[in-house]
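Reading the structure
Now for the letters of each chain:
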Amino acid sequence: MASAPSFDIVSKVDRQEVDNALHQAEKELTTRFDFRGTGAEIKWAGEDAVAVQAETEDRARAALEVFKEKLVKRSISLKSLDAGEPKPSGKAYKIDCKIIQGIDSDKAKAISKKIRDEGPKGVQAQIQGDQLRVSGKKKDDLQAVIALLKEGDFGIALQFTNYR
């Protein structure tokens, strides 16, 4: 007998797409007239972190907006970018951004509770590390759960994979 239909809920970001967006933003900061002489730059600051820097707070915010535009053009949800406030760092202002990967346990519990409370009967959600596995008896029930979760806002970008 075939196993019950299931799918996984994940929150992953394609690092190559983020890298491409970062390089596009970097290129735009070097060529745009309003960023000339402001020391605006954007670069990786570790595995899942990006640093935006400029001489003034306004230019740092504007450079961050350029980066956000590039992310959106590359189909990366802005929910997966956690940008801090501009902080003075020496003679410049710096914004630390974090790329959010995976679903933390609190959010996973909230998603699981929403499926249990509002989802169709007979659908279970199991937390597996930084993702959730949802299974049920009918594929229509799983479709209903996906629609339910797309309506809700959990503060992170959700993708639905391994639908079988």
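Residues numbered from 1 in each chain as written. Predicted model: local features only at pLDDT ≥ 70, side-chain atom pairs only at ≥ 80, totals over all residues. Heavy atoms only, no water.

**Considering the pattern of salt bridges**
Note the cut-off: A pairing counts as a salt bridge when a side-chain nitrogen of Lys or Arg comes within 4 Å of a carboxyl oxygen of Asp or Glu. The numbering of helices and of strands both runs from the N terminus, where a helix is a DSSP run of H or I of at least 4 residues and a strand a run of E of at least 2. Only protein chains enter the accessibility calculation, which uses a 1.4 Å probe; a residue is then buried when its area is under 20% of its type maximum, exposed when over 50%, and partly exposed in between.
What the rule picks out here adds up to 16 salt bridges. Two residues, Arg 15 and Glu 47, come together in a salt bridge whose shortest N-O distance is 3.8 Å. Remark: Glu 47 occurs in the loop between strand S2 (41–44) and strand S3 (49–54) and Arg 15 occurs in helix H1 (residues 15–31); sequence separation between them is 32 residues. Glu 41 is the salt-bridge partner of Lys 43, the closest N and O atoms lying 2.8 Å from each other. Residue classification places Lys 43 among the partly exposed residues on the basis of a relative accessible area of 38%. Among the ionic contacts, a cluster of salt bridges with common partners joins Glu 28, Arg 32, Asp 34, Arg 59 and Lys 70.

**Side note on the sheet that holds strand S9 (residues 159–161)**
For sheets, the rule is that strands pair by backbone hydrogen bonds, running either parallel or antiparallel. Here is the rule we go by: Strand pairing is defined by DSSP finding a minimum of two bridges between the two strands. All axes are obtained by fitting lines to C-alpha atoms, using only the stretch in contact for helices, and the reported angles, taken between N-to-C directions, cover 0 to 180 degrees. By definition, residues are in contact when any of their heavy atoms lie within 4.5 Å.
Read across the open sheet, the 4 strands follow the order S7-S8-S1-S9; overall the sheet is antiparallel. Lying at the two open borders of the sheet, with one neighbouring strand each, are strand S7 (124–128) and S9. Direction aside, the axes of adjacent strands within the sheet are offset by 25° on average. As paired elements, strand S1 (residues 6–10) and S9 share 3 bridges and run antiparallel to each other. Note that in S9 the partner of Ile 9 across the bridge is Phe 160. Each of S1, strand S8 (131–135) and S9 is contacted by helix H4 (residues 139–151), which is oriented at about 15° to S1, the strand it contacts most.

**Overview of the packing of H1 against helix H2 (residues 57–73)**
Convention followed: Oblique is the label for any angle not covered by the other classes, which are roughly parallel (under 35 degrees), roughly antiparallel (over 145) and roughly perpendicular (65 to 115). Two helices cross in a left-handed way if the nearer one is turned anticlockwise from the farther one by less than a right angle. They cross in a right-handed way if the turn is clockwise. Three categories are distinguished: nonpolar for Ala, Val, Leu, Ile, Met, Phe, Trp, Tyr, Cys and Pro, charged for Asp, Glu, Lys and Arg, and polar for the others, with Gly belonging to the last.
Running from N to C, H1 and H2 point in directions that differ by 135°, and their axes come no closer than 8 Å. Put simply, H1 runs oblique to H2. Judged by the twist between their axes, the crossing of H1 over H2 is right-handed. Residues Val 18, Ala 21, Leu 22, Gln 24, Ala 25, Glu 28 and Leu 29 of H1 pack against Ala 63, Val 66, Phe 67, Lys 70 and Leu 71 of H2. Among the residues making up the contact of H1 with H2, the classes are represented as 9 nonpolar, 1 polar and 2 charged.

**A few points about H2**
Note the following rule: What a helix should span is 1.5 Å times the count of its residues minus one.
For H2, built from 17 residues, the straight-helix expectation of 24 Å at 1.5 Å per residue is met to within 8% by its first-to-last C-alpha distance of 25 Å. Among the residues of H2, Ala 60, Ala 62, Ala 63, Leu 64, Val 66, Phe 67, Lys 70 and Leu 71 are the ones counted as buried. Where H2 is buried, its residues meet H1, S2, S3, strand S4 (81–83) and strand S6 (92–99). Downstream of H2 by a residue or two, Ser 75 has a phi angle that is positive, lying close to 60°.

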